Amino acid sequence: EFVTVSELASMMNVSATEVIGSCMSLGIFASINQRLDAETIQLVASDFGFETEFISAEVQEAIVEEEDKPEDLLERAPIVTVMGHVDHGKTSLLDYIRNASVTAGEAGGITQHIGAYSVTGESGRKITFLDTPGHEAFTAMRARGAQVTDIAIIIVAADDDVMPQTKEAISHAQAAGVPMVFAINKIDKPGANPDKIKEQLSQMNILVEEWGGKFQSQEISAKNGVNIEELLEKVLLEAEILELKANPNKTATGTVVEASLDKGRGYVTTVLVSAGTLKIGDFIIAGQHYGKVKAMNNDKGEAVTEAGPSIPVSILGFNGAPSAGDSFNVLLDEREAKQIAVKREQLKREQGLRTKKHLTLDEIGRRLAVGDFQELNVIVKGDVDGSIEALSDSLEKLSTEEIQVNIIHKAVGQISETDVTLAAASNAIIVGFQVRPSQQARKLAESEGIDIRLYSVIYKAIDEIKEAMEGMLSPDI
Ligand code: GDP
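What counts as what
Residues numbered from 1 in each chain as written. Predicted model: local features only at pLDDT ≥ 70, side-chain atom pairs only at ≥ 80, totals over all residues. Heavy atoms only, no water. pLDDT = per-residue confidence, 0-100. Contact = heavy atoms within 4.5 Å. Helix = DSSP H or I, 4+ residues; strand = E, 2+ residues; numbered from the N terminus. Buried < 20%, exposed > 50% of the residue type's maximum accessible area, 1.4 Å probe, protein only. Pairing = 2+ DSSP bridges. Right-handed = clockwise from strand over helix to strand, strands pointing away. Phe/Tyr/Trp six-rings, centres within 6.5 Å; stacked < 30°, edge-to-face > 60°. Axes fitted to C-alpha atoms, helices over the stretch in contact; angles between N-to-C directions.

### Structural notes on the confidence of the model for the protein chain
- Here the protein chain averages 88 in pLDDT, while 90% of its residues score no lower than 70.
- Low confidence marks residues 473–477, where pLDDT is under 50. Its contacts with residues over four positions away, or in another chain, come to 13 contacts.
- Our summary of model confidence lists the complex with pTM equal to 0.81 and ipTM equal to 0.99.

### Focus: the side chain of Ser118
- Position of Ser118 among the secondary structure elements: in strand S3 (residues 116–120).
- Leave out the neighbours within four places in its chain, and Ser118 touches Lys126, Ile127, Thr128, Asp299, Lys300 and Pro312.

### Remarks on the pairing of strand S20 (residues 428–433)
- The element S20 is largely enclosed, with a buried count of six among its six residues.
- Burial along S20 is two-sided: Ala428, Ile430 and Gly432 and Ile429, Val431 and Phe433, pointing in opposite directions, are all buried.
- Here six bridges tie strand S18 (residues 375–382) to S20, and the two strands are oriented parallel to one another. By the bridge assignment for S20, Val380 is matched with Val431.
- The sheet contact formed by S20 and strand S21 (residues 452–455) spans four bridges and is parallel. The residue bridging Phe433 from the neighbouring strand is Tyr455, located in S21.
- Running through helix H14 (residues 439–448), the crossover from S20 to the neighbouring parallel element S21 is right-handed.

### As for the packing of aromatic side chains
- Tallied over the full model, the rule gives two aromatic pairs.
- Here the aromatic rings of Phe182 and Phe215 are separated by 5.8 Å at their centres, their planes lie at 85 degrees, and the arrangement is edge-to-face. Of this pair, Phe182 sits in strand S6 (residues 180–185) while Phe215 sits in the loop between helix H8 (194–202) and strand S7 (216–219); the two residues are 33 residues apart in sequence, bridging distant segments of the chain.
- According to the relative accessible area criterion, Phe215 is buried, its value standing at 11%.

### Let's talk about the sheet that holds S21
- Strand order in this open sheet of four strands is S19-S18-S20-S21, and the pairing throughout is parallel. Since the sheet does not close on itself, it has two edges, and those belong to strand S19 (404–412) and S21, each with one partner. For this sheet, the mean inter-axis angle between neighbouring strands, taken without regard to orientation, is 25 degrees.

Written out as C-alpha cells, the structure reads:
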C-alpha cells in the first residue's frame, strides 16, 4: 500500500472525486484517505494517461534528511544576490567586494570565479555572495526548486531612475520572500540624486528607513569603493533578524551554483552547502549526475578537505554537469548514488522530468478540491500603465477569505522569458492585456507548462478569473 486517493489525485492534478470514480469502475469503493495498492494505482493512473513508476523505498529513504536538535544549530553566513537594472553597477559592486576582501590580506589568495565567494565584514562576520548577478539567474534557480538566496541587494544608479529591470528585480525578490537592502549607486557622479531614487521607490510602496519605512538603504559608489563596508554591515543586520542557522555536523545537503567541463580536470561543479559538511570522499548526487568528491577548492583557489554551511566550493568528481539550482545530497555509498541517478535519468527520458505541472486557470477548481490551495499568484503584463493598474486592482479585489489573489509582478511590455521563469518559480499564471508573449517566452511557457492568458477587454479577464476562482470555491466533492 502506497499512496492515498487524495495524494494520487494531487500527483495527477485531477480531483479526488475523479480518482474515486475511476476506482469505482474497477469495483473498488475507496474513500478519500484510503491507501491504494500498487495494482490499483497503476490502473487508475493509466485511466488518466499516466505511467506509473515505483521507486523502491530503499532508494527513497536514502535521501531523507537528518533531523536537527535545536542545540545542533549554529549560526551560518547569509547568502546574498545582487540584482538591478543593466549598467546600474551589479558587476562593479561584486568585483569591488571580492577584490577588497583579497587585498585585505586573506593569505595572498588569487580570486577564482567559481560562481560564489565569501567575504568577512568589518565586524568579523562572513557574507557569501552569489557571483552571477541579476534576477534572471536568481529566479532560474528558484524555478528548479532552490531557494539559495537569503538577502537581495537591489542596486539602483542614482544618476538614473528606478528602471523596468529594477522593478522586475524587486518583484522577483518579493515573490521569493527574500528581504531586500537597497544600494543607491554612483553617488560620485555629478548628476546623482539619491533622493529622487528614494522617491521613485516610495511610489512602488517601498519606503526606505529614512522615509519611515522598513527597508535599509545605503548610498554607495561601487566603482570607488565608497560606503561598501556600511552596505555590508546593513546586510549583516538584516541577516541577524533572519537568525540563519544550520547544523554543520551531519552529511551535507545544498545547491549546485554552476558546473562546467574543464579539459584537464573533468567536470568542475560549484556547490553551496546549506546544511552539514561536505568532505572529500563523499558520494554525492545532484540531478541525474553523481560521483565521489575527489578534490575541493575554495573561492581563493586553495585546496580544502571540507566545506560547511554557506561555504562555496568547487568540486571535482561528478560524472557530468548538473544544472544551477539542482540540489545535491550525500549518500552512503556509490552504488546507491548511481542507482538514484540512473532512476532520475530514466524518468527524465520517459517524461521529461517535468512531472510537476504548473497551474492553469482550468485546474484551479480541481486543485482546491484535492488540497489546500489558498493563493493564486498572477503576473500582469500590459500595454499601458493605467490598464495594468486597473486590472491588477480588480484581480486583487477578487480575493476572498479562502483564496488570496497576489499580483506578484506587473509591468508594461510584452511577456518575456523572465516572466515565464518567475511564473514557474512561483507557480503563477500570466495575464497579458493588449500584449503578447515573445517567441522565446511562448516556447518556454510551453515546455514549462505555464498558463498565459491574453485579453483585450479588462472585464473579460476579470470574469474569467473570477469564474475559475468560483470553481475553486465549490469543489465538486
Ligand atoms: P551591471 O550591468 O549592473 O553589471 O553594471 P556594471 O557594473 O557593468 O557597471 C556599468 C557601468 O557603470 C560601468 O562602466 C561601470 O564602470 C560604471 N559604474 C559602476 N558603478 C559606478 C560608480 O559607483 N560610479 C561611477 N561613476 N560609475 C560606476
